[in-house]
Amino acid sequence: MRRFVQAFVDAESFPADLPDEVSAALAGADAHYNIGKDGHAWVWAAGASDAAAGTVVADMQWGLVPRWSKQPSTPYTTVTARLERAPRSRIFADAWNKRRCIVPMTGYFKWDRQRRPPWPMFVQRQDGVALLAAGLWEHWQDDAGQQRDTFSILTDGNPAIPTPLSPDGPVFLEPAAAAAWLGGALATPAQVRRHAHTAALEATYVGLGIRDPRRDDYTLLEPVDPHGLQADDAPADWDGDALDDDA
């Protein structure tokens, strides 16, 4: 999972039990249809110093940068973190213990690798309500005062993902479990896994426009029939990042 969408119409776009102040803040955010590595997204975060009630909705950059990093980047991909390994990872362990977040999304793009060539599909809830993905966030700052907040999305096996897609993806939570995650009540991967829940999903073939990091419009979600279509040459500046990992 390397690209996702945040395009919320209004407060009714979210699960009913999501706190009103969270859904209102997210509903007022600008829509983005092709969020990729180093892109910005709105997250519901715990552990932020300016959060009056312990959580805050904040704009963060996708791709966690650990606070001990000398640079505001990493030589490896940190847009996702495996649920089982994150608590023991040098990169993610501190965030697991202190800085959790929820990444709301309209849906995300995943590639059908059974096709030749692989083809992207857009995955979303059948009822159109936003998905709540468990994540981790980090605050990075250097001696010169440059700073940024970054996040990663937890992934695990997920049999609810429709075929022909591989059954692996974000860890989704309902609002009560999301609050428990933010509050630290879900301390182990096993506890997170027991509380994870994915509503019925649907997956639709879409065009190849998501390969272009400059594209950010609703037409990226328009369904296509890949039969008879050919994978044209990728944009010159495309480095393959839109492709999700094999799973």
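Coordinates for the structure precede this section.
Asks: Provide a residue-level description of the overall build of the chain, including the pertinent values.
Replies: A tally of regular secondary structure across the chain gives four helices and 12 strands. Taking 18 Å as the expected radius of gyration for a compact globule of 247 residues, we find that the chain reaches 17 Å, a close match to that expectation. Taken along the three principal axes of its C-alpha coordinates, the chain extends 55 × 40 × 35 Å. In the chain, buried positions account for 50% of the 247 residues. Total accessible area on the chain stands at roughly 11,600 Å², and carbon and sulfur atoms take up 48% of it. The average position of the 23 basic charges and that of the 34 acidic charges among the side chains of the chain differ by 9 Å.

Asks: Break down unusual backbone geometry for me, citing the residues and quoting the values.
Replies: Cis geometry is adopted by the peptide bond preceding Pro117, which originates at Arg116 and carries an omega value of 0 degrees. Considering the arrangement of structural elements, one finds Pro117 in the loop between strand 7 (107-112) and strand 8 (119-125). The peptide bond linking Thr163 to Pro164 adopts the cis configuration, its omega dihedral lying at 10 degrees. Following the sequence through the fold, Pro164 ends up in the loop between strand 10 (147-157) and strand 11 (168-170). Here the phi dihedral of Asp38 falls at roughly 75 degrees; this positive angle occurs in a residue that is not glycine. Inspection of the secondary structure assignment puts Asp38 in the loop between strand 2 (32-35) and strand 3 (40-46). For Asp38, a relative accessible area of 46% translates into the label partly exposed.

Asks: Now, about helix 3 (residues 175-182): what can you tell me, with residues and values included?
Replies: Along helix 3, the residues that are buried comprise Pro175, Ala177, Ala178, Trp181 and Leu182. Down the axis of helix 3, the smallest arc covering the buried residues is 160 degrees, so these residues share one side. Remark: Gly184 follows helix 3 within two positions and exhibits a positive phi of approximately 90 degrees.

Asks: Now, about the pattern of salt bridges: what can you tell me, with residues and values included?
Replies: For the coordinates displayed, the defined rule picks out 11 salt bridges. Here Asp94 makes a salt bridge to Arg99, at a shortest N to O gap of 2.4 Å. Judged by its relative accessible area of 29%, Asp94 is partly exposed. Since its relative accessible area comes to 7%, Arg99 is described here as buried. In the salt-bridge network here, residues are joined through shared partners; they are Arg67, Asp94, Lys98, Arg99 and Glu138.

Asks: Report on the pairing of strand 8, specifying residues and quantitative values.
Replies: Within strand 8, six of the seven residues are buried, which leaves it mostly tucked inside the rest of the structure. With five bridges joining them, strand 7 and strand 8 adopt antiparallel strand pairing. What sits directly across from Lys110, in strand 8, is Met121. Adjacent in sequence and paired antiparallel, strand 7 and strand 8 are bridged by six residues. The sheet contact formed by strand 8 and strand 12 (residues 201-205) spans five bridges and is antiparallel. Bridge assignment links Val123 to a residue of strand 12, and that residue is Ala203.

Asks: Residue-level account of the sheet that holds strand 12, with values.
Replies: A sheet is described by the order of its strands in space; here five strands give the open sequence 2-1-7-8-12, paired in antiparallel fashion. At either end of the open sheet lies a strand with only one pairing partner, and these are strand 2 and strand 12. With direction set aside, neighbouring strand axes in the sheet form an average angle of 30 degrees.

Asks: Tell me about the nonpolar core, and name the residues and values.
Replies: Grouped burial of nonpolar side chains is what soluble globular proteins tend to show. In terms of nonpolar packing, the biggest core is built from 37 residues, with Phe4, Trp62, Val103, Met105, Tyr108, Phe151 and Ile153 touching the most fellow members. The dominant element in this core, judged by the number of residues it contributes, is strand 8, at four residues. Counting residues in each nonpolar core, the second largest holds 30 residues, with Leu64, Ala130, Ala134 and Val171 among its members.

Conventions we followed
Residues numbered from 1 in each chain as written. Predicted model: local features only at pLDDT ≥ 70, side-chain atom pairs only at ≥ 80, totals over all residues. Heavy atoms only, no water. Helix = DSSP H or I, 4+ residues; strand = E, 2+ residues; numbered from the N terminus. Rg over C-alpha atoms; globule rule 2.2 N^0.38 Å. Buried < 20%, exposed > 50% of the residue type's maximum accessible area, 1.4 Å probe, protein only. Areas by Shrake-Rupley, 256 points an atom, 1.4 Å probe, with all protein chains shown as cover. Lys, Arg positive; Asp, Glu negative; His and termini not counted. Charge placed at Lys NZ, Arg CZ, Asp CG, Glu CD. Arc of directions from axis to C-beta. Salt bridge = Lys/Arg side-chain N within 4 Å of Asp/Glu carboxyl O. Pairing = 2+ DSSP bridges. Axes fitted to C-alpha atoms, helices over the stretch in contact; angles between N-to-C directions. Core = buried A, V, L, I, M, F, W, Y, C linked by side-chain atoms within 4.5 Å.

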